[in-house]
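# Structural description and commentary
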Amino acid sequence: MDALLIHGGNPLAGEVRISGAKNAALPILTASLLSAEPLKLGNVPHLKDISTMLALLGHMGVRVTLDDKNHVTLSGESIPHKEAPYEMVKTMRAAILVLGPTLARFGEARVSLPGGCAIGSRPVDLHIKGLQAMGADINIEHGYIHARCKRLQGARIVMDMVTVTGTENLMMAAALADGTTVLENAAREPEVVDLARCLIAMGAKIEGAGSDVITIHGVDSLHGAEYAVMADRIETGTFLVAAAMTGGRVRATHAQPDTLEAVISKLREAGAQVSVGEDWIEIDSDGKLKAVDVRTAPHPAFPTDMQAQFMAMNAVSEGAASVTETIFENRFMHVQELRRLGANIEVSGHTALVRGVPRLDGAIVMATDLRASACLVLAGLVAAGETTIERIYHLDRGYERIEEKLTQLGARIKRVH
Ligand code: EPU
């Protein structure tokens, strides 16, 4: 099994090109199920979760082609298998995103019910309730969500909690429903907006994406389109934190600064200099940071997907700070591993109190989920001596060529098999 070896201590310097966003690309790929015409996508990152989604869509019947410019074209002319099997859903929960579009276009879909997850129980009840409100008949049978309908009907749906993929699933379903759907308490994440833009390019009629009320006027069919996926704000944030912690100067290019306001403001509060252009963000840090309080919440507040990285930063900053996780109930698995590197962190309920220590010491640690593994990479970049991170496949789900990008910035990092 692959591991990463990191020799800490080098300040990062230079430019890093940000990849397309995993969490925007995943729903946008499934939008290909909504049309018989091809959807041509640019800026799709090369990641494990993306290849799993492409394999799932291929299994369902979507024809997937790649050209020499790295465009992915998806043709969903006929979809003989309207099913996401257990084997695929268990490795990637985002497979639930095929439910809404498949049901809306074909009147039937079967998707394995996702089980528990390392970071929380993560139910999909709001996806199901929303589709039922639109007239779907849904049964849970043999571990599968089996959904059927004649044609989905527009509805007013007030979502009990803010859910990102739930909003995306219902927005895609509503695009082909009969009449108007209003999603209230919708997720405002930039990835929801990116999906809406792609659907609009395919002929959907959507208003309000990016606010908490999204209105979708259903149409009879969607057509093909070309679309470029937005920049990955979490990859961007992770590199900015890496530069801040190592006392470096890094410019993230091909980025979308307007999607990272909460993160940039926390980095400034910690003492880093951050400047921003239209599609770049530059950070300059002397490595002497102050610990900053962080509380995760739906966008535009501080993202849960950056919580672990800020925990690593606080662990080597001056002073003490609290890190509160309000989205997922078990997203502190990195704490035990950071402690193995010498961090001083106490957890009480959903809050971690981090007291900065002057230095971390390299050790063998284990990645438990995607963002936890990013947090361990950051800790390894500043730890004295060598850090070995095991179970690095978690990292490959969401960070494209991370060791290559970090090496270009001056880190000493290598993958061992
Ligand atoms: N929830 C419910 N019922 C539902 C749906 C959600 O109770 O039907 C709860 C969840 O259990 C959680 C909260 O609502 O406590 C928010 O979950 P959400 O549905 O928003 O999460 P998600 O859509 O499953 C996406 C990202 C995650 C990211 C979260 C929060 C994708 C593919 N995944 O997940 O990304 O953490 O939104 O922003 O978009 C990651 O990239 O590392 C990652 C985990």
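One structure accompanies this document, and this report is about it. Remember, predicted model here, so these are calculated numbers, not experimental data.

Rules behind the numbers
- Residues numbered from 1 in each chain as written.
- Predicted model: local features only at pLDDT ≥ 70, side-chain atom pairs only at ≥ 80, totals over all residues.
- Heavy atoms only, no water.
- Helix = DSSP H or I, 4+ residues; strand = E, 2+ residues; numbered from the N terminus.
- Expected span 1.5 Å × (residues − 1).
- Buried < 20%, exposed > 50% of the residue type's maximum accessible area, 1.4 Å probe, protein only.
- Contact = heavy atoms within 4.5 Å.
- Near = heavy atom within 4 Å.
- Polar contact = N/O pair within 3.5 Å; in protein donor to acceptor, adjacent residues only side chain to side chain.
- Phe/Tyr/Trp six-rings, centres within 6.5 Å; stacked < 30°, edge-to-face > 60°.
- Lys NZ or Arg CZ within 6 Å of the ring centre and 35° of its normal.
- Pairing = 2+ DSSP bridges.
- Axes fitted to C-alpha atoms, helices over the stretch in contact; angles between N-to-C directions.

Its 13 residues give helix 2 (residues 48-60) an end-to-end C-alpha distance of 19 Å, which sits within 8% of 18 Å, the value for a rise of 1.5 Å per residue. The set of residues buried in helix 2 consists of Asp49, Ile50, Thr52, Met53, Leu54, Leu56, Leu57 and Met60. On its buried face, helix 2 is in contact with helix 1 (22-30), strand 4 (63-66), strand 5 (72-75), strand 6 (83-84), helix 3 (86-89) and helix 4 (99-106). Note on helix 2: the residue one or two positions beyond its end, Gly61, has a positive phi of about 130°.

Turning our eyes to something else, we now look at the site of the ligand. Near the ligand you find 21 residues, and of these Leu126, Thr163, Thr165, Asp305 and Ile327 are the closest. Here Pro123 contributes a backbone N or O atom positioned 3.4 Å from a nitrogen atom of the ligand. Within the side chain of Asp305, a nitrogen or oxygen atom sits 2.6 Å from an oxygen atom of the ligand. Listing elements by their share of the shell around the ligand, those giving two or more residues are helix 1, helix 5 (125-133), helix 6 (164-175) and helix 12 (370-382). It is helix 5 that provides the largest number of residues to the shell around the ligand, a total of 3 residues.

A cis amide bond links His299 to the next residue, Pro300, at an omega of 10°. You will see that Asn43, though not glycine, has its phi angle at about 60°, which is positive. Considering the arrangement of structural elements, one finds Asn43 in the loop between strand 3 (39-42) and helix 2. In this structure, Arg391 takes a positive phi of about 60° despite not being glycine. Structurally, the position occupied by Arg391 is in the loop between strand 23 (386-390) and helix 13 (393-396).

Before going further, it helps to spend a moment on the packing of aromatic side chains. Counting across every chain of the model gives 1 aromatic pair. Between Phe302 and Phe310, the ring centres sit 4.9 Å apart and the planes meet at 80°, which makes this aromatic pair edge-to-face. Assigned by exposure class, Phe302 and Phe310 land together as buried. Sitting over the face of the ring of Phe106, Lys82 holds its NZ or CZ atom 5.0 Å from the ring centroid.

Backbone hydrogen bonds hold the strands of a sheet together, and the pairing may be parallel or antiparallel. Sheet architecture is open: 4 strands sit in the order 4-5-3-14, paired in mixed fashion. Bordering the open sheet on either side are strand 4 and strand 14 (225-228), each of which pairs with just one other strand. Neighbour-to-neighbour, the strand axes of the sheet open up by a mean angle of 20°, direction not taken into account.

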